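Observations on the model geometry
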Amino acid sequence: MSERRVRVRFAPSPTGALHIGGVRTALFNYLFARQHGGDFVFRIEDTDSNRFVPGAEEYIIESFRWLGLKFDEGVSFGGKYGPYRQSERREIYKEYVTRLLDAGKAYIAFDTPEELDMKRQEIQNFQYDATTRSLMRNSLTMSKADVDALIEDGNQYVVRFKVEPGEEIHVNDLIRGDVVIKSDILDDKVLYKSADELPTYHLANIVDDHLMEITHVIRGEEWLPSAPLHVLLYRAFGWEDTMPRFAHLPLLLKPDGKGKLSKRDGDRLGFPVFPLEWHDPKTGEVSNGFREQGYFPEAVLNFLALLGWNPGTEQELFTLDELVKQFDISKCSKAGARFDFQKAIWFNHEYILNKSDDEIAELFAPIVAGNGVEESMARVRQVVHMMKDRVNFVRELWPLCSFFFVPPIEYDEKTTRKRWKADSPQVMNELAEVLEGIEDFSIENQERVVMAWVESKGYKLGDVMNAFRLTLVGEGKGPGMFDITAFLGKEETLTRMRRAIEVLSADAAAQ
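Residues numbered from 1 in each chain as written. Predicted model: local features only at pLDDT ≥ 70, side-chain atom pairs only at ≥ 80, totals over all residues. Heavy atoms only, no water.

Which entries qualify depends on this criterion: UniProt positions are given in the numbering used here, feature names are shortened, and annotations may be inferred rather than shown by experiment.
If you check an unreviewed UniProt entry, the chain appears there as Glutamate--tRNA ligase from Prevotella koreensis. In the Catalytic activity (unreviewed entry) part of its UniProt record, the chain is described as follows: "tRNA(Glu) + L-glutamate + ATP = L-glutamyl-tRNA(Glu) + AMP + diphosphate". Its UniProt record gives the chain a comment under Sequence similarities (unreviewed entry), which states: "Belongs to the class-I aminoacyl-tRNA synthetase family. Glutamate--tRNA ligase type 1 subfamily."

See below:
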């Protein structure tokens, strides 16, 4: 038998914003598919109609568009295995429900929620299984005539999978190896509900994976307990030969403490857990997104790739193509991966450094314009070149270097007390005369002339430069002084110096 083409799927439910853990699952599926020259399928699992949230599906698609992870087929992408939205596959599932019922692998149950609650109170740790099913109202304990009559009268029912006790179920996991579960601990899961004529996740995803020829199911560790049931379902349908290989990824853990990463952790510690900003249509709550926080999509993917997977080298920065080449799912950890959001910030900083000045300037120019400054791209690029190594996000550039474009109108009080001394007005007036006499206002020539002047006057270099910086910047920040003056030009430098001398002298006199 020829080896099957690798096909993986990412199948979120449209119940709200896409969690960053879901993004990592999708990324690992993408890397695996690309590495094996296979297909990456996008499916929407919307069988739980009660939890459907308007706009969630569009949000998920937009998230992957921003991240740059491209699906080969699926919802909104097309393909020969559609429809890819489970709510559009009702008739398909009904056929397979009937097949299980006819084979005696499943049964119809009429127990109401109230009856189930009563049984839970009656029996400690109750679960619907081989031990208790005989005590319940189902087609195993009722005559066919009674069952048919209840259905005919419009009574709601569910179809449960009949789990046989006393079996050992082997889940061959690419990360965890051979996982063995005893069937005795499994309950008879609901596969189908007559109320909305839709299957549950357990049946729908098995049928879809089979019909869509999915070869590998790569998903979060939280789905590991359902894997034995899925193995049993494949057997029940006689599909053992086409059963996909499983891989259950480690959980994403809180940055601090114990437990799984949640939105509350992001709210508490001030970091996003969603790829894009999410506006909850039910509550009106707005949740932050990595995109709106200013992260580069490549940095987010690079960060996520190393949560639970290790390339076995010291390398940390990877392009998506490099990740495809080096990814090895067997090197994924079994233990949970701590979500170190400070590391995410570090990745974004590294991507700023690795991007060209032109790329960062293109992103920074609208921010400059948005602050009412008309400036050429060449000058924006100059500032980016000087300052990009000091920020983690492009949005941080403006508060850090607005002084290049807008002269200070106030002077930082703390810096003034520390750096503006009694003789500063006199020294700055002298320095202004020196600068005015320089024809070649290049960085190198300014530095040569000013340093010679400082030495000839016997001034302390630190005192001169700190007061000089205050006059041009308004506080004690920025790159080298001659980088600033060369950018500002002689006229603007002198204008700022003279205004500062006037304002700071007047402030000192008033005190």
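What about the overall build of the chain?
Note the threshold: Only runs of H or I of at least four residues qualify as helices and only runs of E of at least two qualify as strands under DSSP, and these elements are numbered from the N terminus. The atom set for the radius of gyration is the C-alpha atoms, and the globule formula is 2.2 Å times the number of residues raised to the power 0.38. Partly exposed describes any residue whose relative accessible area lies between the buried limit of under 20% and the exposed limit of over 50%, with all areas from a 1.4 Å probe on protein chains only and scaled to the type maximum. Two residues qualify as a contact provided that any one of their heavy atoms is within 4.5 Å of a heavy atom in the partner residue. Surface accessibility follows the Shrake-Rupley procedure with a 1.4 Å probe radius. Residue values consider only the protein chains on display as shielding.
Of the regular secondary structure elements, the chain holds 20 helices and 15 strands. For the chain, the C-alpha radius of gyration of 33 Å lies well beyond 24 Å, the compact-globule estimate for 511 residues. Taken over the C-alpha atoms alone, the chain extends approximately 110 × 55 × 35 Å along its principal axes. Relative to its full complement of 511 residues, the chain shows a buried share of 49%. Put simply, of all contacts in the chain between residues at least 6 apart along the chain, 72% involve residues at least 24 apart. For the chain, the computed accessible surface area is about 24,600 Å², with 49% contributed by carbon and sulfur atoms.

Structural notes on unusual backbone geometry
Going from Gly82 to Pro83, the amide bond is cis rather than trans, its omega being 0 degrees. Topologically, Pro83 is positioned in the loop between strand E3 (73–74) and helix H3 (90–102). Even without a glycine there, the phi angle at Ser76 is positive, about 75 degrees. Relative to the elements of secondary structure, Ser76 occurs in the loop between E3 and H3. With a relative accessible area of 55%, Ser76 lands in the exposed category. Of note, the phi angle at Asn125 is positive, near 55 degrees, even though the residue is not glycine. By the secondary structure assignment, Asn125 is in the loop between helix H4 (113–122) and helix H5 (144–152).

Observations concerning the packing of aromatic side chains
Formally: Only centres within 6.5 Å qualify two rings of Phe, Tyr or Trp (six-membered ring in Trp) as a pair; their planes then separate them into stacked at under 30 degrees, edge-to-face at over 60, and tilted for everything else. In this analysis the charged atom, NZ for Lys or CZ for Arg, is taken to sit over a ring once it is within 6 Å of the ring centre and within 35 degrees of the ring normal.
Scanning the model with the defined rule gives 32 aromatic pairs in all. Relative to Tyr128, the ring of Tyr107 has its centre 6.3 Å away and its plane inclined at 35 degrees; by these criteria the two rings are tilted. Of this pair, Tyr107 sits in strand E4 (residues 106–109) while Tyr128 sits in the loop between H4 and H5, and the two are 21 residues apart along the sequence. Residue Tyr107 shares its accessibility class with Tyr128, and that shared class is buried. Considering the side-chain rings of Trp346 and Phe347, the 5.0 Å spacing of their centres and the 75 degrees angle between planes classify their relative orientation as edge-to-face. The class for Trp346 is partly exposed, based on a relative accessible area of 30%. The buried category is assigned to Phe347, whose relative accessible area is 1%. Members of the aromatic cluster, joined through ring pairs, are Phe10, Tyr30, Phe40, Phe42, Phe64, Phe71 and Phe77. Stacked on the ring of Phe28, the Lys or Arg Arg24 has its end atom at 5.7 Å from the ring centre. The ring of Phe296 has Lys355 sitting right over it, with the charged end atom 4.8 Å from the ring centre.

Considerations on helix H17 (residues 424–436)
Heads up, the rule is: One less than the residue count of a helix, multiplied by 1.5 Å, gives the span that helix is expected to have.
End to end, H17 covers 18 Å across 13 residues, agreeing with the expected 18 Å (1.5 Å per residue, within 8%). Listed as buried for H17 are Ser424, Pro425, Val427, Met428, Glu430, Leu431, Ala432, Val434 and Leu435. The inward-facing, buried residues of H17 abut helix H16 (413–419), helix H18 (443–457), helix H19 (461–473) and helix H20 (481–510).

What to know about the nonpolar core
General note: in soluble globular proteins, nonpolar side chains tend to be found buried as a group. Rules: The set of buried Ala, Val, Leu, Ile, Met, Phe, Trp, Tyr and Cys residues whose side-chain atoms join them within 4.5 Å is what this entry labels a nonpolar core. In this entry, domain limits derive from an automatic or database-based domain assignment.
If you look at the biggest cluster of nonpolar residues, it comprises 154 residues, and the most contacted ones within it are Phe339, Phe364, Phe404 and Met428. Ranked by residues supplied to this core, first place goes to H20 with ten residues. Lining this core are residues from two domains, each supplying at least three of them: domain 1 (87–249) and domain 2 (407–510). With residues near it in sequence (within four places) discarded, Phe364 still touches Val380, Val383, Val384, Val394, Leu397, Trp398, Cys401 and Phe405. Counting six residues, the second largest nonpolar core, distinct from the first, contains Ala109, Leu116, Tyr128 and Met136.

Considering the packing of H17 against H18
Short version of the rule: Helix axes are fitted to C-alpha atoms over the stretch in contact, other axes to C-alpha atoms as well, and angles between N-to-C directions run from 0 to 180 degrees. For classification purposes, an angle smaller than 35 degrees is called roughly parallel, one larger than 145 roughly antiparallel, one from 65 to 115 roughly perpendicular, and anything else oblique. In this scheme the crossing of two helices becomes right-handed for a clockwise turn of the near helix relative to the far one and left-handed for an anticlockwise turn of less than a right angle.
Relative orientation of the contacting elements H17 and H18 amounts to 140 degrees, with a least axis distance of 11 Å. Compared by their axis directions, H17 and H18 come out oblique. Remark: the crossing between H17 and H18 carries right-handed chirality. Mapping the contact onto sequence places Val427, Glu430, Leu431, Val434 and Leu435 in H17 and Gln446, Val449, Val450, Trp453 and Lys457 in H18.

What about the pairing of strand E2 (residues 39–42)?
This is how the line gets drawn: Strands were regarded as paired on the criterion that DSSP finds at least two bridges between them. By convention, orient the strands away from the viewer: a clockwise path from the first strand over the helix to the second makes the crossover right-handed.
Residues Asp39 and Val41 of E2 are buried on one face, and the alternating residues Phe40 and Phe42, pointing to the opposite face, are buried as well. As judged from the four bridges shared by strand E1 (residues 7–10) and E2, these two strands associate in the parallel manner. Opposite Arg9, over in E2, you have Val41 as the bridge partner. Note that the unit made of E1, helix H1 (residues 20–35) and E2 has a crossover that is right-handed. Pairing of E2 with E3, which is carried by two bridges, proceeds in the parallel orientation. Paired with Phe42 across the strands is Gly74, a residue of E3.

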